[in-house]
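# Close look at the chain arrangement
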Amino acid sequence: LVLLVLYKPGAKKEAEGTPLTALTADAIQRIRLVRPKQPEIVLEKSGEDWRLTAPRTARANSFRVNELLRLAATRVGTHFPAAPADLGKYGLDQPLATLFLDDAEIRFGGMHPLDNQLYVLHAGQVQLIPTSVFRAVSAPLSDFLSTSLIEDKAKLLAFRFPAFSLKQNEQGAWTRTPELKGLGSDQVNRFVDEWRHARALSAAAYSGKPVKERVTITLADGDRQRVIEFGVLAYRPEFILYRKDENLEYSFPEETSTRLLRLKPE
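Cut-offs applied
- Residues numbered from 1 in each chain as written.
- Predicted model: local features only at pLDDT ≥ 70, side-chain atom pairs only at ≥ 80, totals over all residues.
- Heavy atoms only, no water.
- Phe/Tyr/Trp six-rings, centres within 6.5 Å; stacked < 30°, edge-to-face > 60°.
- Lys NZ or Arg CZ within 6 Å of the ring centre and 35° of its normal.
- pLDDT = per-residue confidence, 0-100.
- Contact = heavy atoms within 4.5 Å.
- Core = buried A, V, L, I, M, F, W, Y, C linked by side-chain atoms within 4.5 Å.
- Buried < 20%, exposed > 50% of the residue type's maximum accessible area, 1.4 Å probe, protein only.
- Helix = DSSP H or I, 4+ residues; strand = E, 2+ residues; numbered from the N terminus.
- Pairing = 2+ DSSP bridges.
- Axes fitted to C-alpha atoms, helices over the stretch in contact; angles between N-to-C directions.
- 1 Å grid on protein atoms, 1.4 Å probe; cavity = no way out; pocket = protein on both sides within 12 Å on 5 of 7 lines; lining within 4 Å.
- Points joined across faces, edges and corners; volume = space filled by probe spheres on them.

### Things to note about the packing of aromatic side chains
Scanning all chains against the criterion turns up 15 aromatic pairs. One aromatic cluster in this structure is built from F159, F161, F164, W174, F191, W195 and F230. The ring of F100 is capped by R32, whose NZ or CZ atom sits 4.1 Å from the centre of that ring.

### Some remarks on the confidence of the model for the protein
With 94% of its residues at a pLDDT of at least 70, the protein reaches an overall mean of 92. Low pLDDT (under 50) marks residues 10-15, which in the prediction has 0 contacts with non-local residues, meaning those over four places away or in another chain.

### Overview of the nonpolar core
I31, L43, L99, F108, L149 and W195 are the most contacted members of the largest nonpolar core, which totals 61 residues. A per-element tally of this core places helix α4 (residues 185-196) first, with 4 residues. Non-local contacts of W195, meaning those with residues more than four positions away in its chain, are made with L149, I150, F159, F161, V215, I217, F230, L241, L260 and L261. Formed by 7 residues, the second largest nonpolar core is a distinct cluster that contains L87, Y90, L92 and L128.

### With respect to the side chain of E246
Position of E246 among the secondary structure elements: in the loop between β18 (238-243) and β19 (248-253). Leaving out residues up to four positions away in the same chain, E246 has contacts with R56 and R59.

### Let's talk about the pairing of strand β8 (residues 97-101)
Burial runs high along β8: 5 of the 5 residues are buried. Every second residue of β8 is oriented toward a common face, with A97, L99 and L101 on one face and T98 and F100 on the other, all of them buried. In this sheet, β8 lies alongside strand β2 (residues 30-34) in antiparallel orientation, the contact comprising 4 bridges. The residue bridging R32 from the neighbouring strand is F100, located in β8. Two elements, β8 and strand β9 (residues 104-111), share 5 bridges in a ladder whose sense is antiparallel. Directly across from L99, in β9, lies its bridge partner I106. The antiparallel pairing of β8 with β9 creates a hairpin that spans 2 residues between the two strands, and D102 there sits at a positive phi of about 55°.

### Quick notes on the sheet that holds strand β5 (residues 58-59)
Spatial strand order, β5-β4-β3-β2-β8-β9-β10-β11-β7: 9 strands in an open sheet with antiparallel pairing. Taken across any chain shown, the strands that pair with only one partner, and hence form the sheet edges, are β5 and β7 (78-81). In this sheet, β5 lies alongside strand β4 (residues 49-54) in antiparallel orientation, the contact comprising 2 bridges. What sits directly across from L52, in β5, is A58. Most of the contacts of helix α2 (residues 62-70) go to β2, to which it runs at about 85°, and overall it touches β2, β3 (41-46), β4 and β8.

### Quick look at the layout of surface pockets
The computed volume of the largest pocket comes to approximately 600 Å³. In terms of lining residues, the largest pocket is bounded by 23 residues, among which D49, W50, A60, S62 and D152 are the most central. Every element with two or more residues in the lining of the largest pocket is listed here: β3, β4 and α2. The leading source of residues in the lining of the largest pocket is α2, at 5 residues.

Okay, here's the thing in structure tokens:
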């Protein structure tokens, strides 16, 4: 009896279904998301990175981009030819969202009346996919903005704060000006890493609030150096930084201000 339960002789393994599209995520170079009464969102691949190019230019949130890319391979168990006269029955004549992965069009319609699945239209086929995947195309524009303060591949060279500055010498060591006794190199390196790996709770368009304190960072992208200016907009109840070149503001928990602005001996 145990063997019968474990191996279930004669039972057929359920098919996993076929992919929604013939595309692979790595091959996709451009994403376009069209939704009623909302600005069109366009994302384009640049090298290994993705950038938002409409309705504004900004670094893209890789997690949100990957959610859209994974839709290409979503498994479909049920599909049938799409008769134009019947599209209204499935909510596909006026879709909730239309996603273009390169030139491949995917329309998102209504829910199945008895199952937790969603009707989609692609390549002349009405297909049913899990309702949970709809969150990828229903996210607000702000969710597609990168929450990292600084580009991952950029090399940090120098910082200037109102009360002190940091600079990396030719040997790669960081020095603080003015110097502080008792300030160890490990502590300085941790401080720099806080900036390098800083991830905000959210990113949004600049609100226009006045800047209370300014920080400038010199970094290198390959052979090119550039200076980025940050402005502190608020310390509490959230710590908010404004990145001037992107015209975006980044919101952090209140305690983050200590880790990003204060460098004193422990």
